[in-house]
Amino acid sequence: MNKKNLAVVGYGGMGSWHVNRALKSDCVNLVGIYDIKEDRRAAAKAAGIYAYESLEELLADPQVELVTVAIPNDAHRDMVIRLLEAGKNVICEKPVTTNSHDLSEMIEAANRTGKLFTVHQNRRWDVDYLAVKALRESGEIGPVLRVESRIHGANGIPGDWRKEKEHGGGMMLDWGVHLIDQMLGILPGKIVKVSCECTHIRFKEVDDGFYLTLTFDDGSVGTVEVGTCNYIALPRFYVQGKNGTAIITDWREKMHVVRDLLEVPSSVGATPVETAAGLTKTMAPRTAATVESWDVERPESDVHDFYRNVCRAIDGKEEQIVTHRQVARVMRVMEAAFESDRLGAPIAFHDD
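Residues numbered from 1 in each chain as written. Predicted model: local features only at pLDDT ≥ 70, side-chain atom pairs only at ≥ 80, totals over all residues. Heavy atoms only, no water.

Some details on the overall build of the chain
We apply this condition: What counts as a helix is a DSSP run of H or I of at least four residues, what counts as a strand is a run of E of at least two, and both are numbered from the N terminus. Partly exposed residues are those whose accessible area sits between 20% and 50% of the maximum for their type, while under 20% is buried and over 50% is exposed, using a 1.4 Å probe and protein chains only. Here, two residues are considered to be in contact whenever any of their heavy atoms come within 4.5 Å of each other. Note on areas: Shrake-Rupley with a 1.4 Å probe; residue coverage comes only from the protein chains shown. This count recognises Lys and Arg as positive and Asp and Glu as negative, with His and chain-terminal groups excluded. For the purpose of locating charges, the reference atoms are NZ of Lys, CZ of Arg, CG of Asp and CD of Glu.
A count of helical and extended segments in the chain gives nine helices and 16 strands. Principal axes of the C-alpha set define a box for the chain whose edges measure 75 × 45 × 40 Å. With 352 residues in all, the chain has 48% of them scored as buried. Long-range pairs, those at least 24 residues apart, make up 67% of the contacts in the chain between residues at least 6 apart in sequence. Accessible surface for the chain amounts to roughly 16,900 Å². Of this, 50% is attributable to carbon and sulfur atoms. The distance from the centre of the 42 positive side-chain charges to the centre of the 52 negative ones in the chain is 1 Å.

If you want it as structure tokens, here you go:
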């Protein structure tokens, strides 16, 4: 593969993440970085990385073929359009922008210039997500009826601008964009209803968490939950199938699956048990003879496959993995979630 010359705009947390991986890449060659802050340009130079002194210098550099944009969310649109119009292919950090109107202008600029434009949805390479996606596709627990996906932490909203609405802060745009994208990769149906409640436990200006429910046309339901004031985390994934259940307690753990042995007669099933102050058979545990269980090894995954795909797509050898249509769909779901929260009620969703 011919390496593409890459520049990174923004040398903060995610910008430096991209730089560190580019330095070890088999598909891109890091040319340099640009940041509006002089101290960050100085930090890059101290690390032996070329730092452009102005955006204009980067735009005018003919050797730059590909640019990754890792700056505050509200600045994405203008930066991406300028780069595309300068003849650069562009990777934008998520969320691509803060609304569908701005996104449509970015897509139009990519179409007009004939340059590749995509979004760094890197959590499509999370191994917990890949395990759940593979389970649903395998049919091992029958049709999947419900998927619960959540991220819980107790550190509040990190950073500075992520706490400010004008810069596109809040957890929906920070983590929701990832988990919604994953949910749409797991459940194949069309969304018909969106219901969301945002939380403002510590931060009033932006959401510091949310509870989102997506209802699909095939009857399946996906719930996405993000919390930043949760000192005890609920499971990362919980999957209910018609014939079984799966759970991933933490993204560092294997997926555990329990499946009904449908060929075993019901007479071998549960017997009543005493629970607290009563007796129940309905909620009694299944006997070992009626179910089977196993752990699923964590899938192999390399997040740098995203960059490899981008480089091949630039050369016309592959279709880009993260498409404009997918990005636009996630944006519309987030907008619907905010509207549902504002109204305090579920809203109908007209999926493409």
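Here we look at helix α4 (residues 76-85)
Within α4, the full set of buried residues consists of His76, Met79, Val80, Ile81, Leu83 and Leu84. Looking at the buried side of α4, the elements it contacts are β1 (4-9), α3 (55-59), β3 (66-69), β4 (89-92), α5 (100-113) and β5 (117-119). Taken from the residues just after α4, Gly87 is the one with a positive phi, measuring 90°.

Some thoughts on the side chain of Asp128
Note that Asp128 resides in helix α6 (residues 127-138). Judged by relative accessible area, which is 3%, Asp128 ranks as buried. Among all residues touching Asp128, those that are not within four sequence positions of it are Arg236, Phe237, Ile248 and Trp251.

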